[in-house]
Amino acid sequence: MTSTGTWTHKDFISIEDITRDELEILFKLASSFKQTLGRSQKKLPSLRGKTLVNLFMEPSTRTRVSFEIAASRLSADSIFISASASSLVKGETLRDTARNIVALNADLLVMRHSAPGSSLYLSKIIDIPVINAGDGAHAHPTQALLDCFTLRERWGSDFSGKKVTILGDILFSRVARSNIWALQKLGAKVTLVGPSTLVPEYFSAMGVEVSHDLKRALVDTDALMLLRIQHERQTSTHFPSLREYTSMFGLNAMRASWLKPGTIIMHPGPINRGVEIDSKLADSDHSVILEQVTNGIICRMAVLYLCASAVNPVSREEVI
Amino acid sequence: MRERRESRFQGGGNLVAMSKVLWISGGRVIDPANNRDESGDVFAVDGRVVSSLSEEQKSAARRIDAGGLVVCPGFVDIHVHLREPGQTHKENIASGTRAAAAGGFTTVVCMPNTEPPADNAGTIQFIKDAIARDAVVNVYPTGCITVGRQGERLAPTGSLKRAGVVAITDDGDCVQNNEIMRRAVEYAKMFDICVMDHCQDAALTEGSVMNEGANSIRFGLGGWPNSAEDIIVSRNVILSSYSGAHIHLQHITSAYAVDIIRRAKQRGIRITAEASPHHISLTDDLLKTYDVNYKMNPPLRTEEDRQALISGLLDGTLDCIATDHAPHTDYEKDREFDYAPFGIIGLETALAVCLQTLVVAGKCDLPFLVSLLTNKPAKVLKLDAGTLSPGAMADITIFDPEREWTANPDDYQSRSVNSPWNGQQLRGKVAQTIVAGEIVWSGESASKMA
Ligand SMILES: [Zn+2]
């Protein structure tokens, strides 16, 4: 039996808008899903008859599949619409696309989009829940949920006294931004580390410490989140080369030896083996990378369930 | 000026019914060009200001009671986009000049980033024909600095001047190549024509949609550094210093740029500059909602920058206020923030916004604000406007600085409604706008063209 407590959000756009109590509601629901489902493929009837649309304006296999599995475990149907298949490529606006989706009797909309703020924009246009599956560099709130859920399983619900270091391309990372909000709301101290061009000082206004000294950042950290480094168009002027990045900031065995025993190593995937992390380390006991994937499904189930019930209250008996 | 009379009298069809004698009585007359601030009367005969009326003229005069109102020269805006030719779904000369009239502006200078760009005498003539036919206020065109606004080859500045432009600018874009800009200002100097520059280093602003800083980091939006403006402002100061050419810096937003301009002026360099009502009143904190009506080029900056702009206006570093009225339709603007076009309309809200930001906030008195909207912008481009001196054209604005009103998009005269003040309660409203002695706006309804 699970209570939805005081969850009132129709949409799930950004961790910044979520209180610590609301995070607790999410985590408790995710825990109960995890206990009930275990590793089985059992389904819950909670969202039976509901249709979830995955609108992916930017490609992402893992987040999409995770939402599809989450929907299926709650007995919802899901439909996938990609940018190339949608009318948007024919010049239809996002507003019109979204209204058409609503007219098809969709009950929930999950969107991935390259433009920051686009999920918020959509949530103001349509009445059904909008769940942000990543909007540009702004937010990826369900990723932060699953990261924090994974840490919470080890640390308990209070992260006070814990230090989490996020390493890599913070500037273009929605995962980093969502984790900065979530980790701090849960009580952790957050340090960002990486090249000065990818970790600008402006981040300190979000309450975090900004560092370019990898050793100092690693020695006392309790968890280390690695971010994928890309050397593509948007970052091409920000650092010289992947090789230079790896030599200055890549996590190798020597640098991993600076970590305290038991430090948790996380990565939102997909991993660039040999760039941000040595291949062996990615597979080591420190690493919880695969567990993150599993927890992603139950955290997304919790979000879908709560947002759907904020619009159409579901009786408690239907849950679990 | 020749073009001005042409535009007024060629379009004289709407002026036939005007009273020949106008008597505006009992207002607070503010005429900064003449250091005048007193309660009194303003008179006009046959479209020109006169110092007094004969008894006979008084009995024949059309009389306007301006009791409790401010009577001042019509406002002058040296930076508006009227979108004609080529983008008349956003605005045209008829609608844009009605918006100007509603905002108390009797003279506007329109930018050449039309379609096609106004980079040749033929397009300028097309614009002048439209002005003569449709404009309800004075409109002066500008021409491009470079062909097609591409920044590569000089447009024919001499022919453009002969065709009637009052300045050249590639506004919307900035000439990136320093050699081209150097030659442009040297060449323009020969014709004594001002080069207006939109100061933006393009390489520093690729993918930029808002001010770079703590807020762009938090919102995940592409940051637009102040340095993109500061570097081009410095470049222009240097080019003006070497050439002696007059360069006008459009819509300044950065505190550092204000400082560069201040020091250039102390050294006697021929630089002028403007600030917009939105940059002196709003900051980038507002982008938290991703409201596209806060997306403009250059972007809203920080409180520190905003205060520096106000200080710059107060000490004369920045010469005037200009709206950068930039209409876009709702369907163009209503997009994901990254994809929405830059720009907001500003003519109809400028007075109220500036009153609040400068006068109500205690930064300056009313005559000083009026000067920023009248004789000072006119002086930048040596326009025959912005004063109530006897013999001047009777372009007069009458406004109520206390009148509260709601900025309702349904009431805008502009064809577009892309304003951050939509729905907001504002204070200070134009009661009547008079062009060459003819009332073109009287409170609620614009004078409609035939
Ligand atoms: Zn401009």
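Draft legend 1. Structural view of the pattern of salt bridges. Inspection of every chain in the model, using the stated rule, returns 33 salt bridges over all chains. Between Lys34(A) and Glu153(A) there is a salt bridge, with its nearest N and O atoms 2.8 Å apart. Remark: Glu153(A) occurs in helix H5 (residues 141-155) and Lys34(A) occurs in helix H1 (residues 20-37); sequence separation between them is 119 residues. Under the relative-accessibility criterion, Lys34(A) is labelled partly exposed at 27%. A relative accessible area of 39% places Glu153(A) in the partly exposed class. A salt bridge links Arg262(B) to Asp315(B); the nearest nitrogen and oxygen atoms lie 2.8 Å apart. Of this pair, Arg262(B) sits in helix H9 (residues 255-266) while Asp315(B) is found in the loop between helix H11 (303-314) and strand S15 (320-321), placing the two residues 53 residues apart along the sequence.

Draft legend 2. Geometry of the interface of chain A and chain B. Listed by partner, the interface residues are 25 residues for chain A and 18 residues for chain B. Each partner contributes to the roughly 1700 Å² buried at the junction of chain A and chain B, and carbon and sulfur atoms together form 55% of this total. In this assembly, chain A and chain B are joined by three salt bridges. Two residues, Glu16(A) and Lys288(B), come together in a salt bridge whose shortest N-O distance is 3.8 Å. If you look at where chain A meets chain B, you find eight residue pairs in polar contact (both at pLDDT 80 or more). Contributing elements (two or more residues each) for the side of chain A that touches chain B: helix H3 (94-103), helix H4 (118-125) and helix H6 (174-185) of chain A. Broken down by element, the side of chain A that touches chain B gets its largest block of residues, four residues, from H4(A). Classifying every residue of the side of chain A that touches chain B gives 13 nonpolar, six polar and six charged.

Draft legend 3. Seen up close, H4(A). Residue and element names in this part refer to chain A. Burial within H4 is extensive, with six of its eight residues counted as buried. Restricting attention to buried positions, one finds in H4 the residues Ser118, Ser119, Tyr121, Leu122, Ser123 and Ile125. On the buried face of H4, the contacting elements are H3, strand S3 (108-113) and strand S4 (130-135).

Draft legend 4. View of a nonpolar patch on the surface. Taken together, the side chains of Leu154(B), Tyr187(B) and Met190(B) define a hydrophobic patch exposed on the protein surface, amounting to about 280 Å² of accessible area. Note that Met190(B) resides in helix H6 (residues 178-190).

Draft legend 5. Molecular detail of the domain arrangement of chain B. All names here are of chain B. As assigned here, chain B comprises domain 1 (8-71 + 392-442) and domain 2 (74-380). Taking only C-alpha atoms into account, the centre of domain 1 sits 26 Å from that of domain 2. On the domain 2 side, the residues contacting the 37 residues of domain 1 number 47 residues. Of all residues in domain 1, the largest losses of buried area upon contact with domain 2 belong to Arg415, Asn418 and Trp421, amounting jointly to 21% of the total for that side. Linking domain 1 with domain 2 are zero salt bridges, by the criterion used here. Applying the counting criterion to the domain 1 and domain 2 interface returns 16 residue pairs in polar contact (both at pLDDT 80 or more).

Draft legend 6. Highlighting the coordination of the zinc ion. Residue and element names in this part refer to chain B. For the zinc ion, every protein donor is listed as Asp171 (OD), His198 (ND1) and His251 (NE2), and the spread of their distances is 1.9 to 2.3 Å. Binding-site remark: the zinc ion is held by donors from one chain whose sequence spacing is D-x26-H-x52-H. Taken together, the residues span a long stretch of sequence, with Asp171 in the loop between strand S9 (167-169) and H6 and His251 in the loop between strand S13 (247-249) and H9 at a distance of 80 residues. Using a relative accessible area of 1% as the deciding quantity, one classes Asp171 as buried. The class for His251 is buried, based on a relative accessible area of 2%.

Draft legend 7. Structural view of the pairing of strand S2 (residues 77-82) of chain A. Residue and element names in this part refer to chain A. Pairing of strand S1 (residues 51-56) with S2, which is carried by six bridges, proceeds in the parallel orientation. Along S2, the bridge assignment pairs Leu52 with Ser78. As a crossover connection, the stretch from S1 through helix H2 (residues 61-73) into S2 is right-handed.

Draft legend 8. View of the packing of aromatic side chains. A full pass over the atoms with the stated rule returns 13 aromatic pairs over all chains. Aromatic pair Phe75(B) and Phe105(B): ring centres 5.5 Å apart, planes at 70 degrees, arrangement edge-to-face. Placement of Phe75(B) in strand S6 (residues 75-80) and of Phe105(B) in strand S7 (residues 105-110) is noted, with a sequence separation of 30 residues between them. For the pair formed by Phe75(B) and Phe105(B), the shared burial category is buried. With 5.2 Å between their ring centres and 75 degrees between their planes, Tyr187(B) and Phe191(B) make a pair best called edge-to-face. The exposure class of Tyr187(B) is partly exposed, given its relative accessible area of 35%. Chaining the aromatic ring pairs together yields one cluster made of Phe239(A), Tyr245(A) and Phe249(A).

Draft legend 9. Geometry of the domain arrangement of chain A. Residue and element names in this part refer to chain A. Looking at chain A, the domain boundaries give domain 1 (15-140 + 294-311) and domain 2 (142-292). The contact between domain 1 and domain 2 buries some 2500 Å² in all, and 57% of this surface belongs to carbon and sulfur atoms. Applying the counting criterion to the domain 1 and domain 2 interface returns four salt bridges. As a salt-bridge pair, Glu24 and Arg152 come within 2.6 Å of each other at their nearest N and O atoms. The interface formed by domain 1 and domain 2 holds 20 residue pairs in polar contact (both at pLDDT 80 or more) in total. Broken down by secondary-structure element, the contributors of at least two residues to the side of domain 1 that touches domain 2 are H1, H2, S3, S4 and helix H11 (289-311). Considering every element that reaches the side of domain 1 that touches domain 2, the biggest residue donor is H1, with nine residues. A per-class count over the side of domain 1 that touches domain 2 returns 13 nonpolar, nine polar and 10 charged.

Draft legend 10. Spotlight on the sheet that holds strand S6 (residues 189-193) of chain A. All names here are of chain A. Judged by pairing direction, the sheet is parallel, and its five strands sit side by side in the order S7-S6-S5-S8-S9 without closing on themselves. On the outer flanks of this sheet lie strand S7 (209-211) and strand S9 (264-266), each paired with one strand and no other. Ignoring strand direction, the axes of neighbouring strands in this sheet form an average angle of 20 degrees. Both strand S8 (residues 223-226) and S9 contribute to a ladder of three bridges, which runs parallel. When the sheet's bridge partners are listed, Ala223 is paired in S9 with Ile264. Strands in contact with H6 are strand S5 (163-167), S6 and S8; relative to S5, the strand with the most contacts, it is inclined by about 175 degrees.

Cut-off values and rules
- Residues numbered from 1 in each chain as written.
- Chains lettered and ligands numbered in written order.
- Predicted model: local features only at pLDDT ≥ 70, side-chain atom pairs only at ≥ 80, totals over all residues.
- Heavy atoms only, no water.
- Salt bridge = Lys/Arg side-chain N within 4 Å of Asp/Glu carboxyl O.
- Helix = DSSP H or I, 4+ residues; strand = E, 2+ residues; numbered from the N terminus.
- Buried < 20%, exposed > 50% of the residue type's maximum accessible area, 1.4 Å probe, protein only.
- Contact = heavy atoms within 4.5 Å.
- Buried area = accessible area lost by both parts, 1.4 Å probe.
- Polar contact = N/O pair within 3.5 Å; in protein donor to acceptor, adjacent residues only side chain to side chain.
- Nonpolar A, V, L, I, M, F, W, Y, C, P; charged D, E, K, R; others polar.
- Patch = residues over 30% accessible without salt bridge, like charges linked within 9 Å, V, L, I, M, F, W, Y side chains within 5 Å.
- Areas by Shrake-Rupley, 256 points an atom, 1.4 Å probe, with all protein chains shown as cover.
- Domains from an automatic or database assignment.
- Donors = N, O, S within 2.8 Å, 3.2 Å for Na, K, Ca; no water.
- Pairing = 2+ DSSP bridges.
- Right-handed = clockwise from strand over helix to strand, strands pointing away.
- Phe/Tyr/Trp six-rings, centres within 6.5 Å; stacked < 30°, edge-to-face > 60°.
- Axes fitted to C-alpha atoms, helices over the stretch in contact; angles between N-to-C directions.

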